[in-house]
Amino acid sequence: MVSGKWDLQSKLSGRIRAYELPPIIDIPVNEISKQAYESALREYGPVIGVWRRGTLEYIVDESLTKEVISNDRDFSFERGTARLLNLPFILPLSGGKFFKDVHTMVASGTIPRMDKLVDQIFPIFKRQIHGIVKDSQLSGKGVDLFAHMHHCIAEAMLITILGKKFLNDHTLRVTEETARAIAIMAGIYPDISPFARRFPRVWNVITWVRLVMEVLILQYCWVIVPIVWKEIRVRKYQPLKSHVSEDNSKEARHDEPLVHYIASMYADSQGRVSISSAIWVSILIIAFIFVSVHQTAASAVWVVFELSIRKEYLPFVEEELSAVADNINSDGVHRLSYDSLCRSTVLDSFVREVLRTKVDSLGIVRETTRDVPLGGYIIPKGNLVHPMATLTNYSRTMNGENAAQFDPTRWIDGPAASTVSSGYLTFGFGRWACPGRTIAVTVIKMIVFTLLAVSVPEVEGGEYVVTDPLNMMSLPPIGRVIFHPLDSGLRSSGRLDARCCNS
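By convention here, each chain's residues receive numbers from 1 onward along its written sequence. The predicted origin of the model limits local features to residues at a pLDDT of at least 70 and limits the giving and counting of side-chain atom pairs to 80 or more, whereas totals for whole chains, interfaces and linings rest on all residues. Values reported for side chains reflect all heavy atoms of the structure, with hydrogen atoms and water molecules removed beforehand.

Caption draft 1: Quick look at the overall build of the chain. In terms of helices and strands, the chain carries 19 helices and 15 strands. Throughout, exposure labels follow a simple rule: accessible area from a 1.4 Å probe, protein chains only, divided by the maximum for the residue type, with under 20% read as buried, over 50% as exposed, and the rest as partly exposed. The buried share of the chain, taken over its 503 residues, is 55%. Surface accessibility of the chain: about 21900 Å² in total, with carbon and sulfur atoms responsible for 54%. Put simply, DSSP H or I for four residues or longer makes a helix, DSSP E for two residues or longer makes a strand, and each gets a number counted from the N terminus. Only the protein chains shown count as cover for residues, and all accessible areas are computed by the Shrake-Rupley method using a 1.4 Å probe.

Here you go:
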């Protein structure tokens, strides 16, 4: 299992001296799982090296996680994430600003307008979900929930980005295809073909060329980019950094689509957006489509699957729905506001617990900016370092003696599902925590409440298959969901404080 320890020569402190790399552990492709990584860390840790997809990655246990994710000087989030997503060119292309611009776009362009955003997109979820439930009940068969959620969220995010006037079957299809293509190009879907496993780098190149041509150029650039171009090039924008009429401009931006806010980020003193900036805006929108559609859809499916299997918790979420919904009757939820969703602490606790227990094991990454001492070893410059997030999220020290159990009441008194902490790494940590986590959790709550208002979900066959045992949250489980009528008698009853749901 151990390939050996390596003695190399490196310039440290201005002179050459020998140092020792962490042990390199051989984990066969067909045995890759969080259990295999955790076992190797227990035996050989706190730092190990593992070859995966043709790259040597260093993995650290929970004792070194905080050092890695909080030391920006030695461990670069931007370089590491760009490499993990197969986007090493994006930083030099953007002058090192890509992730900062994405953060500004999401955190400042969407979070301040969550009230209006929820009012705008809730009718979409209501309409789409009613259709999904009706089809399932008429056929009596399970549905592919991820496909439906991907479509539903794509429609909501397209309206968020461009506005309702540009929503049609063509733009919606391209938005979905773009989100799906970027997920594949980023390496989120596991390589299942023998060729891909044996020649990962060649497979990546082939996949990239195909998807860039078929989706990004022939679809996104032909359909979405002209809309973006027209929206930001034919009018003037108040520069974001301008202080003139700041209060009025902020309120006005809350009523406009996201593309207008992004344009204001790059407007010059005359209110114009240059050609190069317009191209960059189109690239940022691709990033927003990917993280808001694919990742949120996968997470939402996980929550619905877990809630469907743990039926004893359904009555309490349904009771909370009745308490917080602004308007609900026999036809389902007529309105859910952002305020009502924020008050849904029972569902929020369940969502946080699902996100905690299904966290991607290697979803957080950094790249060393120099030869860095860590855990008694040296990690050479330019290498990827992953904290084993499951060890942190399941830590008894940080999350209690029963941290290994699924306890849906664990977070009823807080913190919220979107709140990051050193013991909850699902959305990252520190300055580089996911800026769209508030949107993601809000969308998940809308989906769950709308489903429960008109149906009782049940996983077909009572079980599902984990798509990627190492990075569970990035991909939805394989399975189908049946939506039974509310009067089907499938609800379970129980005590909210029973804490009896095991993972």
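So, next bit.
Caption draft 2: Region of interest: the side chain of asparagine 383. Residue position: asparagine 383 is located in the loop between strand 12 (377-379) and strand 13 (384-387). Residue classification places asparagine 383 among the buried residues on the basis of a relative accessible area of 17%. Contacts described as polar in this section are N or O atom pairs within 3.5 Å, which, within protein, must combine one atom able to donate a hydrogen with one able to accept it, while residues neighboring in sequence count only if both atoms come from side chains. Within the local environment of asparagine 383, its side chain forms a polar contact with the backbone oxygen of proline 380, the two atoms lying 3.2 Å apart. Two residues form a contact once any of their heavy atoms are found within 4.5 Å. Beyond its immediate sequence surroundings of up to four residues, asparagine 383 is in contact with Leu56, Tyr58, Arg83, Arg366, Glu367 and Thr368.

Caption draft 3: Layout of the packing of helix 13 (residues 275-309) against helix 16 (residues 345-357). Two elements in contact, helix 13 and helix 16, have axes whose closest approach is 10 Å; the angle formed by their N-to-C orientations is 110°. The angle between helix 13 and helix 16 places the two elements in the roughly perpendicular class. For the pair helix 13 and helix 16, the contacting residues are Ser299, Trp302, Val303, Glu306 and Leu307 in the first and Phe350, Val351, Val354 and Leu355 in the second. Under the scheme applied, nonpolar residues are Ala, Val, Leu, Ile, Met, Phe, Trp, Tyr, Cys and Pro; charged residues are Asp, Glu, Lys and Arg; polar residues are all the others, including Gly. Its residues assigned to classes, the contact of helix 13 with helix 16 shows seven nonpolar, one polar and one charged. To get an axis, a line is fitted to the C-alpha atoms, and for a helix only the part in contact is used. The angle between two axes follows their N-to-C directions and goes from 0 to 180 degrees. Roughly parallel here means an angle under 35 degrees, roughly antiparallel means over 145, roughly perpendicular means 65 to 115, and every remaining angle is called oblique.

Caption draft 4: The arrangement of the side chain of serine 33 in detail. Here serine 33 shows up in the loop between strand 4 (24-25) and helix 1 (34-44). Ignoring any residue separated from it by four or fewer positions in sequence, one finds serine 33 in contact with Pro469 and Leu470.

Caption draft 5: Structural detail: the nonpolar core. As used here, the term nonpolar core means buried Ala, Val, Leu, Ile, Met, Phe, Trp, Tyr and Cys residues forming a set that is joined through side-chain atoms within 4.5 Å. Of all hydrophobic cores here, the largest spans 123 residues; its most connected members are Phe125 and Ile447. Per-element tally for this core: the top contributor is helix 13, with 20 residues. Apart from residues lying up to four places away in sequence, isoleucine 447 is in contact with Phe125, Ile129, Met149, Ile153, Ala300 and Val304. Within the second largest apolar cluster, 14 residues are counted, among which are Ile24, Leu374, Ile379 and Val385.

Caption draft 6: Seen up close, the pairing of strand 13. Burial along strand 13 is two-sided: Leu384 and His386 facing one way and Val385 and Pro387 facing the other are all buried. Summarising the sheet, strand 6 (residues 55-60) and strand 13 pair through four bridges and their orientation is parallel. Within strand 13, the residue paired with valine 60 across the bridge is proline 387. Here two bridges tie strand 10 (residues 366-368) to strand 13, and the two strands are oriented antiparallel to one another. Bridge pairing in strand 13 places arginine 366 opposite valine 385. DSSP calls a pair of strands paired once it identifies at least 2 bridges connecting them.

Caption draft 7: Region of interest: helix 12 (residues 258-266). For helix 12, the buried fraction is high: nine of the nine residues fall into the buried class. Inspection of helix 12 places Leu258, Val259, His260, Tyr261, Ile262, Ala263, Ser264, Met265 and Tyr266 among the buried residues, and these make up the whole buried set.

Caption draft 8: Just unusual backbone geometry, in detail. Here glycine 45 and proline 46 are connected by a cis peptide whose omega angle stands at 15°. In this chain, glycine 414 is followed by proline 415 through a cis amide linkage whose omega measures 0°. Following the sequence through the fold, proline 415 ends up in the loop between helix 18 (396-399) and helix 19 (437-454). The phi dihedral of arginine 53 falls on the positive side, at around 55°, and the residue is not glycine. Mapping arginine 53 onto the fold places it in the loop between strand 5 (47-52) and strand 6.

Caption draft 9: Region of interest: the pattern of salt bridges. Every case where a carboxyl oxygen of Asp or Glu lies within 4 Å of a side-chain nitrogen of Lys or Arg is listed as a salt bridge. All told, the structure shown has 20 salt bridges when counted by the stated rule. Residues arginine 335 and aspartate 119 are paired through a salt bridge, measuring 3.2 Å at the closest nitrogen-oxygen approach. Within this pair, whereas arginine 335 is found in strand 9 (residues 332-335), its partner aspartate 119 is found in helix 6 (residues 114-139), the two being separated by 216 residues in sequence. What makes aspartate 119 partly exposed here is its relative accessible area of 38%. Where aspartate 339 meets arginine 343, a salt bridge forms, and the shortest distance between an N and an O atom there is 3.1 Å. Looking at aspartate 339, the relative accessible area reads 46%, which means it is partly exposed. The exposure class assigned to arginine 343 is partly exposed, which follows from its relative accessible area of 40%. Here the salt bridges do not stand alone but share partners, grouping Arg73, Asp74 and Arg370 into one network.

Caption draft 10: Layout of a nonpolar patch on the surface. Exposure above 30% relative accessible area and the absence of a salt bridge qualify a residue for a patch, where like charges join within 9 Å and nonpolar side chains (Val, Leu, Ile, Met, Phe, Trp, Tyr) within 5 Å. Nonpolar side chains collect at one region of the surface, where Val205, Val209, Met213, Ile217, Leu218 and Trp222 lie side by side and expose about 620 Å² of accessible area between them. You can see valine 209 is positioned in helix 10 (residues 200-233).

Caption draft 11: Seen up close, the packing of aromatic side chains. Aromatic rings from Phe, Tyr and Trp, with only the six-membered ring used for Trp, were paired whenever their centres fell within 6.5 Å, and each pair was classed as stacked if the ring planes differed by under 30 degrees, edge-to-face if by over 60, and tilted otherwise. Tallied over the entire structure, the rule returns 11 aromatic pairs. An angle of 85° between the planes, with centres 5.7 Å apart, marks the rings of phenylalanine 89 and tryptophan 208 as edge-to-face. Residue phenylalanine 89 is located in the loop between helix 3 (77-84) and helix 4 (90-94), and its partner tryptophan 208 is located in helix 10; the two are separated by 119 residues in the primary sequence. Judged by relative accessible area, phenylalanine 89 falls into the partly exposed class, the value being 39%. For tryptophan 208, a relative accessible area of 19% translates into the label buried. With 5.7 Å between their ring centres and 70° between their planes, phenylalanine 305 and tyrosine 464 make a pair best called edge-to-face. Taken together, the positions of phenylalanine 305 in helix 13 and tyrosine 464 in the loop between strand 14 (456-459) and strand 15 (481-484) put the pair 159 residues apart, joining distant regions of the chain. Among the residues examined, phenylalanine 305 registers a relative accessible area of 1% and is labelled buried. By way of ring pairs, the aromatic residues Phe77, Phe98, Phe99, Trp280 and Trp432 are connected into one cluster. Over the face of the ring belonging to phenylalanine 406 we find arginine 310, whose NZ or CZ atom lies 3.9 Å from the ring centre. The lysine or arginine in question, arginine 356, covers the ring of tyrosine 394, its NZ or CZ lying 5.3 Å from the ring centre. To sit over a ring, a charge needs its Lys NZ or Arg CZ within 6 Å of the ring centre and within 35 degrees of the ring normal.

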